[in-house]
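Okay, here's what each chain looks like letter by letter:
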Amino acid sequence: MKKKKYYVGVASGQITQQPETTQWEYEIEASDEEITRLRDLFDRANRQNFDVAYVALHPIEGPKEEHDLKNYDHTLQEIYRMIYELGNEEAKQHIDQNHVIQELGKDYM
């Protein structure tokens, strides 16, 4: 399984092999299959984020918004765990030092 270097921007949901083309926060090494999985996670997070925004603008069901936030936070947790597993030492240190994985979703768990 051949791995290549990628640059990931979590806020933008961008994954690229050219670091100069976009803003990025983490450098990772991943196989094609791993990148496909990470892209799927970003797509899921994007859909869930859209669902949360829609519910906030159209407050028909109060409990649904809390459920959507839990799903979105869970997906972000998966993204950060994957970045941690595939990331270089700097990525791992940033996630560790900033307690990114533990902090996400703590109000909703």
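Everything that follows concerns the structure shown earlier in this document.
Nothing here was measured: the structure is a model prediction, and the numbers come from that model. (Residues numbered from 1 in each chain as written. Predicted model: local features only at pLDDT ≥ 70, side-chain atom pairs only at ≥ 80, totals over all residues. Heavy atoms only, no water.)

Q: When you look at the overall build of the chain in this model, what are you seeing that I'm missing?
A: Scanning the chain from N- to C-terminus turns up four helices and three strands. For the chain, the succession of helices and strands along the chain, N to C, is β-β-β-α-α-α-α. Counting every position in the chain, which comprises 109 residues, the buried fraction comes to 36%. Residue pairs in contact within the chain that sit at least 24 positions apart in sequence constitute 52% of those at least 6 positions apart. Of the accessible surface of the chain, which amounts to about 7200 Å², a share of 47% is contributed by carbon and sulfur atoms. (Helix = DSSP H or I, 4+ residues; strand = E, 2+ residues; numbered from the N terminus. Buried < 20%, exposed > 50% of the residue type's maximum accessible area, 1.4 Å probe, protein only. Contact = heavy atoms within 4.5 Å. Areas by Shrake-Rupley, 256 points an atom, 1.4 Å probe, with all protein chains shown as cover.)

Q: Help me out: how do you make sense of the pairing of strand β1 (residues 4-9) in this one?
A: The two faces of a sheet get side chains in turn, since along a regular strand they alternate between them. By the bridge criterion, five bridges tie β1 to strand β3 (residues 26-30) in an arrangement that is antiparallel. The partner of K5 across the bridge, within β3, is E29. When β1 meets strand β2 (residues 14-16), the two strands line up antiparallel, connected through three bridges. When the bridges of β2 are listed, G9 appears paired with Q14. Where β1 hands over to β2, the hairpin turn is made up of four residues, of which G13 adopts a positive phi near 75 degrees. (Pairing = 2+ DSSP bridges.)

Q: When you look at unusual backbone geometry in this model, what are you seeing that I'm missing?
A: In most cases, non-glycine residues show a negative phi, while peptide bonds are predominantly trans. Backbone geometry at H99 places phi at a positive 50 degrees, although glycine is not the residue there. Inspection of the secondary structure puts H99 in the loop between α3 (89-97) and α4 (100-103). Among the residues examined, H99 registers a relative accessible area of 44% and is labelled partly exposed.

Any link to function would need more than the numbers given here.
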